[in-house]
Every structure is written in C-alpha cells, then in structure tokens.
Amino acid sequence: MTELFGARSGGEKVGENEVLISTARQARENAHAPYSNFRVGAALRATSGRIFGGSNVENATYGLTVCAERIAIFKAISEGERGFDAIAVVTDTDALTPPCGACRQLIWEFCGDVPVILANLKGKIEVIPMRELFPKPFDSSNL
Ligand SMILES: [Zn+2]
C-alpha cells in the first residue's frame, strides 16, 4: 500500500481512487479479448457520484474493437451523465497502461482535465492529469 501514498495525487482522495480502481478491476473481468488476450478494465466517475465500468470488447475484424475507456464513457453518456471527475484504467502489466490516442481524444472531449488513474493487479498506481497525457488537444475550441 505504500505505493498508494507514493503515487502522484491529482488532489483527489486515495479512498475514492480505490473505489474506481476496484470497479475497473471488476469490469476487466468481463473483457472480451479472445484475439489479444489483453484484458483492460476502466471506470469513470461522474460528478453525480455514479461510477461506470467498461471493459475492452474485441471483434474478429480487429478494427471494430472498442477500448474499455470508451465503453465506460459511452455507457455514462448514454445514461444521461455529462460531468466527470476521474477515470481509472486497470491492466495486468508491470508497466502501467495509459489510454490510447483515440481514448485520450474522447476523455478530453467528455471529461476535460481529469486525473487518469493507472493501476495494475499488483497494486501499482500512478495518477496522471489529462493535460499531461494530451497536452495539445483538438476540441470544440478549435472549431
Ligand atoms: Zn483506447
């Protein structure tokens, strides 16, 4: 647990991060990843307090695969949520897995500069603000 306290904190409470990480771990159990065997879980917290989990869902075409982060975002948006304050991503890798480029675009669009909590199954955690993961975003301000 020392890594929890050594992790960079984006100003959020550790206990709240634990709930998000645990939800992402649970969502990861439902990953449909028969092609890559790379199972990912995500959890998105709305400002309403509701938490939406997501897992990656692969497809035989590969290209139609959708990442865990985007599943969580689409679930929340389709349930009427609009404001979000954190997202967690859990994988079973020693090096923590950040969101891919497509997911960074969507996280920025719907969540803005939220803390992105990366974790693995061994308890390693790092919190990175979206502005560091996505420093020069294209968004509605460019239109
Ligand atoms: Zn992605």
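(A) Looking closely at the confidence of the model for the chain. The predicted model of the chain averages 92 in pLDDT, with 90% of residues at 70 or higher. Across residues 1-11, where pLDDT falls below 50, the model places 14 contacts with residues more than four positions away in sequence or in other chains.

(B) Quick peek at the pairing of strand β5 (residues 125-129). Examined bridge by bridge, strand β4 (residues 115-120) and β5 share 5 bridges and lie antiparallel to one another. From the neighbouring strand, Ala119 faces β5, where its bridge partner is Ile125. In sequence, β4 turns back onto β5 through a hairpin of 4 residues, with Gly123 there showing a positive phi of about 95°.

(C) Quick peek at the nonpolar core. Judged by nonpolar contacts, the single largest core of 33 residues is most densely connected at Ala42, Ala43, Leu44, Ile87, Ala88 and Val89. Put simply, the parts of the chain that give this core at least two residues each are α2 (14-28), β1 (41-46), β2 (51-55), α3 (68-78), β3 (84-91), α4 (101-111) and β4.

(D) Structural context of α3. Listed in full, the buried residues belonging to α3 are Ala68, Glu69, Arg70, Ile71, Ala72, Ile73 and Ala76. Directly beyond the C-terminal end of α3, a positive phi value near 95° is found at Gly80.

(E) How the structure looks around the sheet that holds β5. Spatially, the 5 strands line up as an open sheet ordered β2-β1-β3-β4-β5, and their pairing is mixed. The sheet terminates laterally at β2 and β5, the two strands that pair on one side only. For this sheet, the mean inter-axis angle between neighbouring strands, taken without regard to orientation, is 20°. Inspection of the sheet shows β1 paired to β2 by 5 bridges, in the antiparallel sense. Each residue of the ladder has a partner; that of Ala43, found in β2, is Gly53. Along the sheet, α3 contacts β1, β2 and β3; its crossing angle with β2, the most-contacted strand, is approximately 140°.

What counts and how
- Residues numbered from 1 in each chain as written.
- Predicted model: local features only at pLDDT ≥ 70, side-chain atom pairs only at ≥ 80, totals over all residues.
- pLDDT = per-residue confidence, 0-100.
- Contact = placed C-beta atoms within 7 Å.
- Pairing = 2+ DSSP bridges.
- Helix = DSSP H or I, 4+ residues; strand = E, 2+ residues; numbered from the N terminus.
- Core = buried A, V, L, I, M, F, W, Y, C linked by C-beta atoms within 7 Å.
- Buried ≥ 20, exposed ≤ 12 C-beta atoms within 10 Å, placed from the backbone.
- Axes fitted to C-alpha atoms, helices over the stretch in contact; angles between N-to-C directions.

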